[in-house]
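One letter stands for each residue in the lines below.
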Amino acid sequence: MDMISLLRKVPLFAELDQNELASIAILASSIEVAKKNIVVHEFDPGDSMYVILDGEVKVSTYSADGREVVLALLGKGSFFGEMSLLDEEPRSATVTTMKDSRLAHIRRRDLVPLLMEQPSITLKLLKEIASRLRRTSRMLERISSMDVPHRLYAHIVDQCHRFGQPEANGRYGTILATHQLLADQLSTSRETISRAISALKKDGILVQGESRGRVSVDIDALEEMLEDF
């Protein structure tokens, strides 16, 4: 599949027309990164962004006591490093591949002239970045104000909307991270996450799929639980 076809499936570029996609695609180079390799280091100079064409990455930082804090797990169609295109500041987090991954690499020095020449692309990209920041803000608000089970419900709903696949019965199919990674993201213990997920499976809200981590989610039930909180 050519780069234009690959980028068309990425939410960041979803509103671009064929000519605009072609302008971006010509700047992107495809790179392969094996599992458990660091793509960018926190505090390194930031001069490019990446789009995940295939695979999965972990975005993390470290607390003052050296504990890893997982900020996000990103899958196919997601992007990272975009802030460096705007402010030229050092990387705000470390990004590590969780699976063998294929990434589109776009350098700032190539993209900025295009954004200056075609303001319509700039506006569309800024709209998507702003939407992403709003989602992050909502998630942080939920983490600070909700108990652990409801943090998990909100996380799963967000995961389904962003990366899930609608199923014929109104449910969503998605892949959840390991219980430890979920615990790191939601600032709790693995045991607490395991109990909450077991309860959701017992109630039929989560149904285990055929492969590890894959679940079918009754998203309406989760959203109702969040509304009742």
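For the structure, see preceding data.
Treat the numbers as computed from the prediction; the structure is a model and nothing was measured.

## Structural notes on the sheet that holds strand 5 (residues 68-75)
If you walk across this open sheet you meet the four strands as 2-7-4-5, and the pairing is antiparallel. Across the chains shown, the open sheet's two edge strands, defined by having one partner strand only, are strand 2 (38-40) and strand 5. If you compare each strand with its neighbour and ignore which way they point, the axes differ by 30° on average. Summarising the sheet, strand 4 (residues 56-62) and strand 7 (residues 94-97) pair through four bridges and their orientation is antiparallel. The residue of strand 7 that forms the bridge with Val-59 is Val-95.

## Let's talk about a negative patch on the surface
Residues Asp-220, Glu-224, Glu-227 and Asp-228 make up a contiguous surface patch of negative charge. Among the secondary structure elements, Glu-227 is positioned in helix 9 (residues 219-227).

## Focus: unusual backbone geometry
Unusually for a residue other than glycine, Lys-36 sits at a positive phi of about 65°. In this fold, Lys-36 is placed in the loop between strand 1 (29-33) and strand 2.

## Focus on the environment of Ser-187
Within the secondary structure, Ser-187 is located in the loop between helix 7 (179-185) and helix 8 (190-202). A C-alpha to C-alpha distance of 30 Å links Ser-187 and Leu-86, two positions 101 residues apart in sequence.

Conventions adopted
- Residues numbered from 1 in each chain as written.
- Predicted model: local features only at pLDDT ≥ 70, side-chain atom pairs only at ≥ 80, totals over all residues.
- Heavy atoms only, no water.
- Pairing = 2+ DSSP bridges.
- Helix = DSSP H or I, 4+ residues; strand = E, 2+ residues; numbered from the N terminus.
- Axes fitted to C-alpha atoms, helices over the stretch in contact; angles between N-to-C directions.
- Patch = residues over 30% accessible without salt bridge, like charges linked within 9 Å, V, L, I, M, F, W, Y side chains within 5 Å.
- Areas by Shrake-Rupley, 256 points an atom, 1.4 Å probe, with all protein chains shown as cover.
- Salt bridge = Lys/Arg side-chain N within 4 Å of Asp/Glu carboxyl O.
- Lys, Arg positive; Asp, Glu negative; His and termini not counted.
- Charge placed at Lys NZ, Arg CZ, Asp CG, Glu CD.

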